[in-house]
Amino acid sequence: MFSSPEASVLEYRYDSELLRIEAWGPNALRVRATYSPVLPAEDWALSEPLPDAQDLDVSISVQEDKDEASIRNGDISAQINKRGKITVRNGKGKVLLEEFMRQRLDVTDPKCSALRIVPREFKPRLGSDSWHLTARFEALYPDEKIFGMGQYQQPYLDLKGADIELAQRNSQASIPFAVSSEGYGFLWNNPAIGRAVFGKNATTFEAFSTRVLDYWIVAGDTPAEIVRAYGKVAGTVPEMPEYGLGFWQCKLRYQTQDEILEVAREHKRRGLPMDVIVVDYFHWPKEGEWKFDPTFWPDLDAMIAELESLDIKLMVSIWPTVDRTSENYNEMLEKGLLIRQDRGWRIVMEGVGNCVHFDATNPEAREYVWQKAKKNYYDRGIHIFWLDEAEPEYTHYDFDNYRYHAGPDLMVGNIYPVQYSRAFYEGMKAAGQERVVNLVRCCWAGSQKYGALLWSGDIASSFPSLRAQLSAGLNAGLAGIPWWTTDIGGFHGGDPTSPAFRELFVRWFQWGCFCPVFRLHGDREPPQPRKGTTGGSHCLSGADNEVWSYGDEVYAICRRYLFLREKLRPYVRGLMRDAHVRGDPLMRPLFYDFPGQPNLWAVADQYMFGPKCLVAPILHEGCRERCVVLPRGVKWQQLDAEGERVGTVHFRELTETGSGGDFAITIAAPLEYMPVFENIN
C-alpha cells in the first residue's frame, strides 16, 4: 500500500491507481496520480531545476498500525490515510488542502457518507487510453479568497465562487496557478481542457481528457512568498529590454510604409516619447508567408533605418495561420507541421484563404516558422514580435476535434501558447539577442520564462470592459505573468470624435501609464478607405489612433502622462528587475505588499504599482472623485500628473492585529487626473 522508493518520495498503491507525493522545492509538494501503468514523464510547467534532495528538510513516516503515511518538506506536510485520502498542512498544523471524500468504507470517519464520492475520480473515456478526471477538495474556510488563475473577462478579483473554464480563447488566458488567502499556492499542472470551480461547498478541478492528476502546492506566510516560490519552479521573466519601459504606439492597422513613418515623424516633431511602433497584421501577401508585401512596404531597410534614427523600435505582427494558397502551405502540409482535425474538412478559421494553424507543439514546426521570420524580419533588423492568435483562436472552439503533435487538443491544448512563445524566444536567443520580449495574446503556466508579454486580447471599448481588465491584469500577475498590458481604449470600436469615447480613452490612457507596458492600440471607427487591391489590402484600417487624434483637451492630458511615464522609467526598470529575479508582479493587489491588513484583501479597484506607487484608476463614466483606501502604518503623499508630491501627508497607525477597518479618503479626480499616492516611508 505505502512505499518510499526515494528519500523524498511517498507512494500509495491501491488496485489500478498509483499515487505519488514528492518534495518539489522548499516547502512544496508535487502530487500525481494515474491509472496508467506508469506516470507520464512530462513535467509541464514545473520545468526549473530543483535543489538537491539533501538540501531540503524532508522526512517520511509510514505507520503500518494506523494504516497511514505522511511526507513533510519544510513547512508543508501531506498525510495519506488508509483509504488514500490526502490532507495537506502547513508547519503550524493548519489544514491547507483536504480532499473531498464521501464514502462509508470507514464508519469511524466523521465524514462517513453513503454518497460514494471519491476525491480523485478517473472516469474512463470509452475506447481511449485517457480519462475524464475530477479532483475534489473541501471548501474549508468560508472567508477564503482565491486569486490568480490567469486572465478572464469578468470584473472579479477574488475568484471564490467562480466557475472557470480551463481553456484558451481570444482575450482569455488559462494560467492555472492560484494564490489563497489561507497561506498556500496551488498549480493545476495539467494542460488539458477542463474546468475549475471554487465553490462554497467544494473546490473541483477537471481535465476532460488526461492520463494523470498533477498538481503542485506550496505553503507560504505571504502572497509574495508564495508567488516567488512558484517562480523558482516554473521560471521567471527574462530581463526586460530598455524599449519595454516606455510608450508603444499601435493601431489596427498602418496600411503602408508611408503611413507608419509619418506617425513616427509626427511624434518626434511634437517632442513626444515613443519606444516602439507596430506594424499590425495583413502586412503580408498571404497568411503563412511571414514577410512584408513589397507593394505597400517597398523599402523595408530604409524604413527600419529611419525608425532607428528616431530611436524607435519596430515590432511586427506574426500570425500562426497558414492560408491554403500561400507559398508555404504545401511544404508545411507535406512535413506534418500543421494542426490536424479528427473530423470534417481541415479548416480552423474562416478567412480569405481558409486557414490552418502551424503546430507550435512540434519542434520542427517551431524551427520552420522561426527560420521564415528570421530571414524576412529578424535579419533585416526587426527584433521584437507580436505573436497574435496565440490561443490559437478557432472559428469554432471544438476542442475535441483538433490534434497536435503533442497530443489531442482536449488533452494538451492549453500548452500551445507556451510553445508559440518558445519558438521565437529560443530563435532570438540563438541569434544572439540578450534580452527578449514578445507581445503575445495568450499564456499558460511557464510562458513567462519565454519572454511573453501578455495582453488582454480583442476587448470592448467600454467602461465595464475597462473594469474587467483591471481584475484580469492583477490576477495574471499573481498567476506568474508579471509582463502584462492591454489595448488602451479597448479594441472593438470607439469613435475618436465622440465625447463619451474620449472620456473612456483618457481614463484608460492614465491607467495605461501605470501598467507594466504602456501600449496604445485599437480598431477605431469609422474604417478608412481601402488602399490597393492585392495582398492584405482587404483588411481595412480603423480611424486614426494617435494621441493627437482625440482633440486638444485629450492631447494635453495624454502628453502629460507620456512624460510622466518617462519620469517613472528608472522606477519601472527596477520593477522589471524584481520580476526577473524574484517573480514579483509589477501591478499587484494591495495585500501583496500589506498582507497583514485584512481589509486590504477586499480592495479590488486599486492596486500597487511596485512597492512605492498606489494607483486608484477611474473606472466609471462621469466619475470626478473617488474614495481611496490607504494601507495603515505607512506615510502616503499624493502624486500629481507630473509625478510630483503634493498636498497632505496621510498616516494612520497600524493596530497589532492589522485590523481597524479602512483608512479611506476622498480625492478629487477631474478628467485630467488619476489619483496616485506614493509610499514615502
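Here, every reference points to the structure presented above.
Description of the structure in this document. Predicted model only: the values in this text are computed from it and were never measured.

**Topic: the sheet that holds strand β2 (residues 9–14)**
Here we have eight strands laid out as an open sheet, ordered β1-β2-β3-β4-β18-β15-β14-β12, and antiparallel in their pairing. A strand with exactly one partner marks an edge of an open sheet, and here the two such strands are β1 (2–3) and β12 (146–151). Bridging between strand β3 (residues 17–23) and strand β4 (residues 28–34) involves six bridges; their strand directions are antiparallel. Looking across to β4, one finds that Ala23 is bridged to Leu29. Against the sheet, helix α1 (residues 223–234) makes contact with β14 (173–180), β15 (184–188) and β18 (213–219), and its axis sits at roughly 135 degrees relative to β18, the strand it touches most. With respect to the sheet, helix α8 (residues 463–478) is in contact with β12 and β14, its orientation differing from that of β12 by roughly 100 degrees.

**What to know about the pattern of salt bridges**
One pass over the full model with this rule turns up 56 salt bridges. Of the charged contacts in the structure, one is a salt bridge between Glu242 and Arg569, with a shortest N-O distance of 3.1 Å. Residue Glu242 is found in the loop between α1 and β19 (247–249), and its partner Arg569 is found in helix α10 (residues 552–582); the two are separated by 327 residues along the sequence. Relative accessible area serves as the criterion here: at 12%, Arg569 is assigned to the buried category. Notably, a salt bridge pairs Glu262 with Arg265, separated by 3.9 Å at the nearest N-O pair. Taken together, the residues Glu262 and Arg265, both in helix α2 (residues 257–269) and three residues apart, mark about one turn of the helix. You can call Glu262 partly exposed: its relative accessible area is 35%. If you follow the salt bridges from partner to partner, you end up with Glu262, Arg265, Glu266, Arg269, Arg270 and Glu306 in one network.

**A closer look at the nonpolar core**
By size, the foremost hydrophobic cluster in this structure holds 170 residues, and its most contacted members are Trp216, Phe385, Phe424, Phe514 and Phe609. Looking at this core element by element, the count peaks at 13 residues for α10. If we skip the residues at most four places from it in the chain, Phe424 touches Ile318, Val369, Trp370, Ala373, Phe385, Leu387 and Asn438. The next biggest cluster of nonpolar side chains, apart from the first, holds 41 residues, and it includes Leu97, Leu133, Met149 and Leu166.

**Considering the state of the cysteines**
Counted under the stated rule, the structure contains zero disulfides. A disulfide-free cysteine, Cys627 has its sulfur positioned 11 Å from the sulfur of Cys623, the nearest such atom. On the basis of relative accessible area, Cys627 is assigned to the partly exposed category, the value being 41%.

**Observations regarding the packing of α8 against helix α9 (residues 499–512)**
As a packed pair, α8 and α9 sit with axes 10 Å apart at the nearest point and diverge in direction by 10 degrees. What the angle tells us is that α8 and α9 run roughly parallel. From α8, Phe463, Ser465, Leu466, Gln469 and Leu470 reach across to α9, where they touch Glu503, Leu504, Arg507, Trp508 and Trp511.

**So, the pairing of β14**
Burial runs high along β14: eight of the eight residues are buried. Burial along β14 is two-sided: Ala173, Ile175, Phe177 and Val179 facing one way and Ser174, Pro176, Ala178 and Ser180 facing the other are all buried. In terms of strand pairing, β12 meets β14 through five bridges, oriented antiparallel. Following the sheet pairing, Gln151 is matched in β14 by Ala173. Pairing of β14 with β15 involves four bridges; the strand directions are antiparallel. Note that in β15 the partner of Ala178 across the bridge is Phe186. Linking β14 back to β15 in an antiparallel pair, the connection comprises three residues, with Gly183 at a positive phi of about 100 degrees.

**Re the packing of α9 against α10**
Interhelical geometry of α9 versus α10 gives an angle of 5 degrees and a closest axis separation of 10 Å. Looking at the two axes, α9 sits roughly parallel to α10. Across the interface between the two elements, Arg502, Phe505, Val506, Phe509, Gln510 and Gly512 of α9 pack against Val554, Ile557, Cys558, Tyr561, Leu562 and Arg565 of α10. Partitioning the contact of α9 with α10 into residue classes produces eight nonpolar, two polar and two charged.

The rules behind each value
Residues numbered from 1 in each chain as written. Predicted model: local features only at pLDDT ≥ 70, side-chain atom pairs only at ≥ 80, totals over all residues. Heavy atoms only, no water. Pairing = 2+ DSSP bridges. Helix = DSSP H or I, 4+ residues; strand = E, 2+ residues; numbered from the N terminus. Contact = heavy atoms within 4.5 Å. Axes fitted to C-alpha atoms, helices over the stretch in contact; angles between N-to-C directions. Salt bridge = Lys/Arg side-chain N within 4 Å of Asp/Glu carboxyl O. Buried < 20%, exposed > 50% of the residue type's maximum accessible area, 1.4 Å probe, protein only. Core = buried A, V, L, I, M, F, W, Y, C linked by side-chain atoms within 4.5 Å. Disulfide = S-S within 2.5 Å. Parallel < 35°, antiparallel > 145°, perpendicular 65-115°, else oblique. Nonpolar A, V, L, I, M, F, W, Y, C, P; charged D, E, K, R; others polar.

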